[in-house]
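Fold and contact review
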Amino acid sequence: MSNFTLVWHFLIFGVLPYVVIAVLVVGSLLRFILAPYSWKSQSSEILDKKDLFWGANLFHIGVIFLFCGHCFGLFTPTAWLNAVGLTPRLHQWMEIIAGGASAALAIAGLLLLTWRRLSNERVRTASRPSDFWVLFLLQAVIILGICCVVNSYFTDRSGATIILFGEWVRGLFTFDYEAWQKILLVPDWQKWHIFVGLIIFLIVPFTRLVHIWSGYLSVFYLVRPHQIMRANGKPMK
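Along each chain, residue indices are assigned from 1 in the same order as the chain's sequence is written. pLDDT decides what is reported in this predicted model: residues at 70 or higher carry local features, side-chain atom pairs at 80 or more are listed and counted, and totals for whole chains, interfaces and linings draw on all residues regardless. Hydrogens and water are ignored here; the side-chain numbers use all heavy atoms of the structure.

1. Overview of the packing of aromatic side chains
For Phe, Tyr and Trp, rings pair up if their centres lie within 6.5 Å, where Trp contributes its six-membered ring, and each pair is then called stacked (planes under 30 degrees apart), edge-to-face (over 60) or tilted (otherwise). Per the stated rule, a full pass over the model turns up 9 aromatic pairs. Measuring from ring centre to ring centre gives 6.0 Å for Phe10 and Tyr177, while their planes differ by 55°; the resulting arrangement is tilted. Remark: Tyr177 occurs in the loop between α7 (160-173) and α8 (188-203) and Phe10 occurs in helix α1 (residues 3-34); sequence separation between them is 167 residues. Taken together, a centroid distance of 5.3 Å and an interplanar angle of 85° make the contact between Phe53 and Trp54 edge-to-face. Connected via pairs of aromatic rings, a cluster forms that spans Trp8, Phe13 and Trp168. The helix count covers DSSP runs of H or I at least four residues long, the strand count covers runs of E at least two residues long, and both are numbered beginning at the N terminus.

Below, the structure is given as structure tokens:
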């Protein structure tokens, strides 16, 4: 492996994750302090509600399961999984079945949301360039994830790749200088999936994705009062 390849692997998988975490935390905090009224999902529901239900719900259900599945798979030590009988091979099958189903829901929702944003004139006019970039990157990371699962099934029947991912992520959080070298051993599909995922987290503070802090990462979201909307001139019931 050439020195150039080693350098860009180190930069993307050894340095970039820390840059992303710093921008994600500091950038989100600054936006909350300096522009609190921009801290929202910028929902276009008020412009067109009828075509939003299925797309939004399918996407959010799918992506929540994907997020939880990634957290479970990446942050749970392999020894703990083996202790309860969840071998890397069984873990791989969980990824194929549960992850595949969740990815299918998420991508179906994204396609509906993309079609709505492109075909509905009012929604399209109110959209920002970042809205389309967000949709594109989310579709890309999920499609790449599906490709990773398919590639893993046909080329890695042992489930060893999953172990490498977990060791890499846990190594980042324990500041293991050599953690990035784990990624040298995984297929290119996996590397692109990770890279696009990092880019998504990097742009969170600057796009509508900032609302995930108020959603998935806040228990208060579950007990918040409902937002009440009414048309101009009509009294609230």
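2. Considering the packing of α1 against α7
Across the interface, α1 lies against α7 with an axial gap of 11 Å and an inter-helix angle of 60°. Judged on the interaxial angle alone, α7 and α1 are oblique. Considering only the axes of α1 and α7, their crossing is right-handed. For the pair α1 and α7, contact is made by Phe13, Pro17, Tyr18 and Ile21 and by Trp168, Gly171, Leu172 and Phe173, respectively. Note on residue categories: nonpolar means Ala, Val, Leu, Ile, Met, Phe, Trp, Tyr, Cys or Pro, charged means Asp, Glu, Lys or Arg, and polar means any other residue, Gly included. Tallied by class, the residues present in the contact of α1 with α7 amount to 7 nonpolar, 1 polar and no charged. Angular values range over 0 to 180 degrees, each being the angle between N-to-C directions of two axes fitted as lines to C-alpha atoms, with helices fitted over their stretch in contact. An angle below 35 degrees is read as roughly parallel, one above 145 as roughly antiparallel, one from 65 to 115 as roughly perpendicular, and any other as oblique. We call a crossing left-handed when the near helix sits turned anticlockwise from the far one by less than a right angle, and right-handed when that turn is clockwise. What makes two residues a contact is simply this: any of their non-hydrogen atoms within 4.5 Å.

3. Brief notes about a nonpolar patch on the surface
Residues enter patches when they are more than 30% accessible in relative terms and free of salt bridges; like-charged ones are connected within 9 Å and nonpolar ones (Val, Leu, Ile, Met, Phe, Trp, Tyr) within 5 Å. The Shrake-Rupley method, run with a 1.4 Å probe sphere, supplies the accessible areas, and residue values consider only the shown protein chains as cover. Put simply, a salt bridge is a Lys or Arg side-chain nitrogen that is within 4 Å of an Asp or Glu carboxyl oxygen. A cluster of nonpolar side chains, contributed by Ile21, Val25, Val26, Leu29, Leu30, Phe32, Ile33, Leu34, Phe75 and Phe173, occupies part of the molecular surface with about 1000 Å² of accessible area. Among the elements that line the nonpolar patch, the one with the most residues is α1, at 8 residues. Tracing the backbone through its elements, the reader meets Ile33 in helix α1. Only protein chains enter the accessibility calculation, which uses a 1.4 Å probe; a residue is then buried when its area is under 20% of its type maximum, exposed when over 50%, and partly exposed in between. On the basis of relative accessibility, which here comes to 54%, the residue Ile33 falls in the exposed class.

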